[in-house]
Amino acid sequence: MKISEISYENNQKEISRLLELHSEAANMSIPPYEREVISLAAYENDTYIGGVTGDMVWNILNVHLLAVDPSYRGNGLGGALLNEIETLARQRGCKVSELTTMSWQAPHFYQKQGYEIFGEMKDCPNEGDTKFYLKKNL
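A brief look at the structure comes next. (Residues numbered from 1 in each chain as written. Predicted model: local features only at pLDDT ≥ 70, side-chain atom pairs only at ≥ 80, totals over all residues. Heavy atoms only, no water.)

With respect to the helices, strands and loops of the structure, K131 is situated in strand β6 (residues 130-137). Classification of K131 as partly exposed rests on a relative accessible area of 23%. K131 sits 75 residues away from M56 along the chain, and the two C-alpha atoms are 22 Å apart. When sequence neighbours within four positions are dropped, the list of residues in contact with K131 reads T100, T101, M102, G119, E120, M121 and C124. (Helix = DSSP H or I, 4+ residues; strand = E, 2+ residues; numbered from the N terminus. Buried < 20%, exposed > 50% of the residue type's maximum accessible area, 1.4 Å probe, protein only. Contact = heavy atoms within 4.5 Å.)

To continue, consider the packing of aromatic side chains. In total, this model carries 4 aromatic pairs according to the counting rule given. Judged by centre distance (6.0 Å) and plane angle (75 degrees), the rings of Y110 and Y115 are edge-to-face. The class of Y110 is buried, set by a relative accessible area of 7%. In this structure Y115 comes out as buried when scored by relative accessible area, which is 3%. Look at F118 and Y133: their rings are 6.3 Å apart centre to centre, the planes differ by 55 degrees, and that puts the pair in the tilted class. Of this pair, F118 sits in strand β5 (residues 116-122) while Y133 sits in strand β6, and the two are 15 residues apart along the sequence. The class for F118 is partly exposed, based on a relative accessible area of 47%. Residue classification places Y133 among the partly exposed residues on the basis of a relative accessible area of 23%. Among the aromatic side chains, those forming a connected cluster through ring pairs are F109, Y110 and Y115. (Phe/Tyr/Trp six-rings, centres within 6.5 Å; stacked < 30°, edge-to-face > 60°.)

Listed below in C-alpha cells is the structure:
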C-alpha cells in the first residue's frame, strides 16, 4: 500500500464513488452524493467588494467563505450575500445551511442572520480562541 497526494477533484470523485458503493451495500435510501458549488460576487462599478462561496450536498448548504471589503462593511452587504446564497440553495432544495466561524471573525453577525450555534471547539487554533459551528433552517 502507498498513500499519495492527488488532485482534489479526482480524489473527491473517487471518494464519492466509494461512498455510493457503501450506501448501496447498506441498502439505505440515501440520495447520491452530488456536490454543487455556488460562488457569488458583489461589485461596485467594476471593483470587487465582497463575495460568498459554498456548496450543496444532500439538501444541505455549506457556506465556506464570506468576506466584504472593509470600506463596505456595516451597510448590509454581508447579509445580502448570505441571503442570496441561501435563497439559491433553498430554490435548489436545501433545507438547512451550516457554516463555521472563529471567535475573532463573525459569530455575532451570523447569529443576527438567524444562525444558531450548535457546537464549538475551544482553544482552536490558539488558546483563548473558539471555532463555532452554526446552522440555520432554510
